[in-house]
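Per-entry structural report
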Amino acid sequence: MLVAMRQLLDEAAKGGYGVGAFNVNNMEQIQAIMEAARETCSPVIVQASRGARSYAQDRYLYHLMLAAAELYPDLPTVLHQDHGNSYETCKSAIDMGFTSVMMDGSLMPDGKTPSTFEYNVDVTQKVVAAAHAKGVTVEGEIGVLGGIEDGHGAGGTGLEHVTDPEQAAKFVELTGVDALAIAIGTSHGAYKFSHKPDGAVLKMDRLIEIHNRLPKVHLVMHGSSSVPKELQDIINQYGGKLRPTWGVPVEEIQLGIRNGVRKVNVDTDNRLAMTGAIRKVLFETPEKFDPRDYLKPAREAMKQVVAQRMTQFGQAGHAADYQPIPLAVVAARYAAQ
Ligand SMILES: [Zn+2]
């Protein structure tokens, strides 16, 4: 059943676990996530970036998600807009039936230029008003993440605009967001760190500071693929050319989860897993030309990564803990606040 992300994250906070948010662009990726969730009995966050919505077209994506909710009625499932760049993008997602949206007002609508605090508060307030009226959850962002993915991002290492705890507190108070993405040195894309990250590049101490200042706020870690060497190796073994790179180690994410992180965004690891599996089939059996011959192992490879993350983040086993609250009821609760 499709549910509001707020409920999922409230439950995750009660249970002291994190929930992976996995990006989708097509049917195989949605199937991989839903099968991993079924196997591990996990609540699910599926997210679509603007790039995904234009690649797949909104209606295809939405109906694939409806199919998922129909096929897996026992799994609470969130459909989330990743990095909305404007009120209009978020509004169109809300109108289409997404149960959660991210308004990334840390950047201007071009998705590249860092914005002012005032702009961020203003645009996020507008999205919160429209979303909460429908029971839809809002994730905001304060501080600016590094890297670029799907044409979105300010670039850089992610250390230029690390989140300030006082500003974060002010932002949450002014906007009423349900979840807060913070910048602690993580970046989008595969090339996050040039060595195994230490405290100089991955600011877990800052995350803990923010959590101590805002103990009740659900924190979101973006750019949190671990970029495991084994997945890089498979790609390179079968003709790929990835440069050596490091992601966010799972134990750092788990430290975050012990300190208020409830949503963990993972995309690159799934991209690597699928690409490696496809390369392997095409390399080993060049005579094959049925797309199912390589999409099936690609889907299976992604399912394994997702299931592993669901277990590592602690959401496994929690799908049946609670009854989904209808969005209309959630909306009424916001209105009564
Ligand atoms: Zn992100």
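Bear in mind that the values here come from a model prediction, so they are computed numbers and not experimental data.

Here we take up unusual backbone geometry. One non-glycine residue, His83, adopts positive backbone phi at about 45°. Turning to its location among the elements, His83 is positioned in strand β3 (residues 77–84). At Val227, a residue that is not glycine, the phi angle is positive and equals roughly 50°. Following the sequence through the fold, Val227 ends up in the loop between β7 (218–221) and α9 (229–237). By relative accessible area, Val227 is classed as buried at 4%.

For helix α11 (residues 268–284), with 17 residues, the first-to-last C-alpha span of 24 Å sits near the 24 Å given by 1.5 Å per residue. For α11, the set of buried residues is Thr268, Asp269, Asn270, Leu272, Ala273, Met274, Gly276, Ala277 and Val281. The inward-facing, buried residues of α11 abut β1 (19–23), α2 (27–40), α9, β8 (261–266) and α12 (291–313).

On to the coordination of the zinc ion, then. Every protein donor of the zinc ion is accounted for by His83 (NE2), His188 (NE2) and His222 (ND1), and the metal-donor separations fall at 2.0 to 2.1 Å. Each donor residue of the zinc ion belongs to the same chain, and together they define the spacing H-x104-H-x33-H. Linking His83 in strand β3 with His188 in the loop between β6 (179–182) and α8 (204–213), this pair joins segments that are 105 residues apart in sequence.

Thresholds applied
- Residues numbered from 1 in each chain as written.
- Predicted model: local features only at pLDDT ≥ 70, side-chain atom pairs only at ≥ 80, totals over all residues.
- Heavy atoms only, no water.
- Helix = DSSP H or I, 4+ residues; strand = E, 2+ residues; numbered from the N terminus.
- Buried < 20%, exposed > 50% of the residue type's maximum accessible area, 1.4 Å probe, protein only.
- Expected span 1.5 Å × (residues − 1).
- Contact = heavy atoms within 4.5 Å.
- Donors = N, O, S within 2.8 Å, 3.2 Å for Na, K, Ca; no water.

These values are about where atoms sit, not about what they do.
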